[in-house]
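Here are the chains, one letter per residue:
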Amino acid sequence: MIGKAVAVDPGIFQVTTSERPYRQLSFKTSGISLLPSLMKQPLDSLNFDNRFTRDLPADPEPANFRRQVSRACYSRVLPTKVAQPSLVAYSREVAGLLGLPTDACESNEFEEVFGGNRVLTEMDPYATCYGGHQFGNWAGQLGDGRAINLGETVNADGERWALQLKGAGPTPYSRTADGLAVLRSSVREFLCSEAMHHLGVPTTRALSLVTTGEQVMRDMFYDGNPEYEPGAVVCRVAPSFTRFGNFQIFARRGEIDILKQLVDYTIRTDFPDLGEPSREVYLEWVEEVCRRTAEMILHWIRVGFVHGVMNTDNMSILGLTIDYGPYGWLEDYDPNWTPNTTDAGGRRYRFGNQAQIALWNLVQFANAIYPLIEEVDPLQKALDVYSGGFEAGWQTMMAKKLGLERFEGDADEKLFADLVEVLQLVETDMTIFYRKLSDVSAEQNGANEKSSEEILSPLLDAYYVPDQLTEDNTSRISEWIRRYIARVRKDGTLDEARRKQMNSVNPKYVLRNYLAQLAIDKSEGGDNSMVNALLEVLRNPYDEQPEQEQHAEKRPDWARHRAGCSMLSCSS
Ligand code: AMP
Ligand code: MG
C-alpha cells in the first residue's frame, strides 16, 4: 500500500506488526533494508475520503468500453499507463492546498501518479456521467470522456479537494475519441487555471502538468492533415467537478430518483450552509448557483477572458471556470470576438455574449431541477437572481475598474456605455488601456485646455495601429477621457489612491494568447522554462514587475493571424 502513512522516519528501521506478507526487501535507506510497505512515500500525506463514489450510485459494469450508462452517476475506470511520465510544471499553491511538500512534488512517485501510471491504494478512480447542450442543442450523454477522477482528499484544515486527471486515457464516456490530451492544450489548461486563480477569478485549479512520453494524433485544423503531438496529463483540483450537465442527464432520461440523489448529495457536500435538502433548499440552491454564475461571468468580463465553449456540460455547479479548451484573452477590445474556430460561424460564445449564454445555460439547469419542484414560478424567481445580480455587479465592477468611489446612476451608466464604444473605435488593447488609464491625472487642473493629443498621450501604448488614431478618433477618445476626469474630480479621489484601486482590479499580466503559444512551442521542443516563467509572472498579475515588462506587451504583429494565438480549435 502506498497511500497511508506508516510512521517510519527515513533511515530508521522500525519494527511494526503488519498484516501484509513480508516480501523480499527491495528498498535501502542508509544501508538498512526496509519493507516497501513500511517506507514513507512522498504522497503519503494525502488523506482520501471518497464521498462521491461512496454515496452515489455506480455503474455496475466494471469493464472499460464505450457505452450508454443509465441509472448511475459514475463508472469506475483506471487511468491508462503511459510510457514515460515526466513533470513539466506544478503549482506550489495547489500543492500547498493539498498539504504536499516540495520534495513530494519533485518525487518520482508524483510523476508516476499524476501521469496516470500509478494509483494510490486509497484512490477510487472513476469517470462521471453527464449530458449537455452543445452550441444550443441537446447532445445526449457526454460524460468524462478524458477525465478520470482519482478521489477526494481532505486537507489538514478539513477542506475537501477532488483530484482529476485530464488526458489519462479512455473511459466509458469517450465516445469516438481517444481519452487523451496533447501538450499544447495541457499547457494552456495548466497555466490558465492558475493565472485565473491569481486574478481572483473562480476557477478549477491545476496541480501538475506531466508529459506522457507518448505521441497523440490530432487534426488540429480539422482539415484532414492529422499529426502526432506529444501527449500530456494535467491534474485538476477543485472542491468538485460537478457540471450542469450532471443533473441534466437524469432529468432528460426521467431518472428522477437518481437526479434527487445527486442534488441532495451536491447540496450536502458542496453547499452545506444551505442546510438539509428540501424543496425550499432546492430553490435557494438554484438561486445560489445563479449568484455564483453571475459573479464568475463578471470576473471574465473584468479581465477580458473568453471561454469559447460555454456548453452546459462546461458549466460548474460551483460557479468555477472549468474546461479550458479554445479559450482566449481579449487583446484588442472586440465584444464580437470568439477564439473558437468551431464557433466562428454563429459567434455564440463571443466575449460580449457570455452573460446571455450563462443565463441560457442556467435556464437549462433550472429545467433539469424542475422535476423536483414541479412549479415554474419559483424557479423563474430563482433565475431572476442572475439578471439582478449581474446588472448590479456590472455597475459595481465598472466603477471599480475606473477608480470611482461608487456607481452613481444614469450618468455613470452612460459613461460606461460610451467607454465600451470608445474602446472599439480603434484597435485598443483592453488590458493596457485600463492599466494606463490609471496614469491619467485627475488632480491636475486644466484638462479642458489640453489638446486631445496631450490627453491621450498616457494611453498610446494601448493602441495597435497608430494610423487609426485619426483626428476624429483622437478627439472622440479624449472627449471621453475629459468626461472621465470630471467624474473622478467629483469624487475628489487623489491620483495615487485611484491608481492603487484601479491597479488592484485591472491586471497588468494576463495569459496573452501569443505568450501561451510561445511557451507551448518551447515545451514541444523540450524546454519547459517558459511554462514555468509564465506560471511565476502570473502569480502576481496586479503587481508591477519591472523585470517582466515583456510579458505585459501587446500582441506582436506576427501573432495576429497565427493559429494558437488568434484562433483556437477544439482539437486538443
Ligand atoms: P469539451 O467540449 O472539450 O468540453 O468536450 C465535450 C465532450 O467530449 C466531453 O464529454 C469530453 O469528455 C469529450 N471529449 C473531448 N475530447 C475528448 C477526447 N480526446 N477523448 C475522449 N473524450 C473527449
Ligand atoms: Mg468539457
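Draft legend 1. Focus on the coordination of the magnesium ion (ligand 2). Those protein atoms acting as donors to the magnesium ion (ligand 2) are Asn314 (OD1) and Asp323 (OD), and they sit at 1.9 to 2.2 Å. Judged by its relative accessible area of 11%, Asn314 falls in the buried class. The exposure class assigned to Asp323 is buried, which follows from its relative accessible area of 13%.

Draft legend 2. Representation of unusual backbone geometry. Positive phi outside glycine occurs at Arg71, with the angle close to 50 degrees. For Arg71, a relative accessible area of 42% gives the class partly exposed. Of note, Glu374 is a non-glycine position whose phi angle comes to about 55 degrees, a positive value. Tracing the backbone shows Glu374 in the loop between helix H9 (354-373) and helix H10 (376-401).

Draft legend 3. Structural context of the nonpolar core. Residues Phe114 and Trp285 are the most contacted members of the largest nonpolar core, which totals 162 residues. If you tally residues by element for this core, the top one is helix H8 (residues 279-303), at 14 residues. The contact partners of Trp285, leaving out residues within four places of it in the chain, are Phe247, Val263, Thr266, Ile267, Phe271, Leu274, Ile317, Phe365 and Ile369.

Draft legend 4. Geometry of helix H17 (residues 529-537). Along H17, the residues that are buried comprise Met530, Val531, Leu534, Leu535 and Val537. The arc that holds the buried residues of H17, viewed along the axis, is 165 degrees, so those residues lie on one side. In the core, the buried residues of H17 are packed alongside strand E4 (86-90), helix H5 (183-199), strand E10 (205-218) and helix H16 (513-524).

Draft legend 5. Molecular detail of the packing of aromatic side chains. Under the counting rule described, the total for this entry stands at 24 aromatic pairs. Pairing Phe247 with Phe365 gives two aromatic rings, centres 5.9 Å apart and planes at 70 degrees, and the pair type is edge-to-face. Here Phe365 lies in helix H9 and Phe247 lies in helix H6 (residues 244-253), a separation of 118 residues in the sequence. Taken individually, Phe247 and Phe365 each receive the classification buried, so the pair is uniform in this respect. Look at Phe433 and Tyr434: their rings are 5.8 Å apart centre to centre, the planes differ by 90 degrees, and that puts the pair in the edge-to-face class. By way of ring pairs, the aromatic residues Phe244, Phe247, Phe271, Trp285 and Phe365 are connected into one cluster. The ring of Tyr434 has Lys401 lying over it, and the distance from NZ or CZ to the ring centre is 4.0 Å.

Draft legend 6. Looking closely at the site of ligand 1. Close to ligand 1 lie 17 residues, the nearest being Gly143, Gly145, Arg175, Gly179 and Asn314. Within the backbone of Gly145, an N or O atom sits 2.8 Å from an oxygen atom of ligand 1. Interatomic distance of 2.7 Å between a backbone N/O atom of Gly179 and a nitrogen atom of ligand 1. Notes on ligand 1: free accessible area 480 Å², of which the protein chains cover 82%. Split into classes, the residues belonging to the shell around ligand 1 amount to four nonpolar, six polar and seven charged.

Draft legend 7. Focus on the environment of Thr293. Inspection of the secondary structure puts Thr293 in helix H8. Here the alpha-carbon distance between Thr293 and Ala355, two residues 62 residues apart in the chain, equals 9.2 Å. Leave out the neighbours within four places in its chain, and Thr293 touches Phe244, Met315, Ala358, Leu362 and Tyr386.

Draft legend 8. Main features of the confidence of the model for the protein. Averaged over every residue, the pLDDT of the protein is 93; the share at 70 or more is 93%. The least confident element of the protein is strand E1 (residues 27-29), whose mean pLDDT is 35; the most confident is strand E5 (residues 126-128), at 99. Across residues 1-34 the pLDDT falls below 50, and counting only partners more than four positions away or on other chains, this stretch makes 55 contacts in the model.

Draft legend 9. Helix H12 (residues 430-437), seen in detail. Of all eight residues in H12, seven are buried; the element is thus mostly enclosed. By the burial criterion, the buried members of H12 are Met430, Thr431, Ile432, Phe433, Tyr434, Arg435 and Leu437. The inward-facing, buried residues of H12 abut H8, H10, helix H11 (410-425), helix H14 (471-491) and helix H15 (495-503). The N-cap residue of H12 is Asp429: its side-chain oxygen and the backbone nitrogen of Thr431 are 3.2 Å apart.

Reading the values: the criteria
- Residues numbered from 1 in each chain as written.
- Chains lettered and ligands numbered in written order.
- Predicted model: local features only at pLDDT ≥ 70, side-chain atom pairs only at ≥ 80, totals over all residues.
- Heavy atoms only, no water.
- Donors = N, O, S within 2.8 Å, 3.2 Å for Na, K, Ca; no water.
- Buried < 20%, exposed > 50% of the residue type's maximum accessible area, 1.4 Å probe, protein only.
- Helix = DSSP H or I, 4+ residues; strand = E, 2+ residues; numbered from the N terminus.
- Core = buried A, V, L, I, M, F, W, Y, C linked by side-chain atoms within 4.5 Å.
- Contact = heavy atoms within 4.5 Å.
- Arc of directions from axis to C-beta.
- Phe/Tyr/Trp six-rings, centres within 6.5 Å; stacked < 30°, edge-to-face > 60°.
- Lys NZ or Arg CZ within 6 Å of the ring centre and 35° of its normal.
- Near = heavy atom within 4 Å.
- Polar contact = N/O pair within 3.5 Å; in protein donor to acceptor, adjacent residues only side chain to side chain.
- Areas by Shrake-Rupley, 256 points an atom, 1.4 Å probe, with all protein chains shown as cover.
- Nonpolar A, V, L, I, M, F, W, Y, C, P; charged D, E, K, R; others polar.
- pLDDT = per-residue confidence, 0-100.

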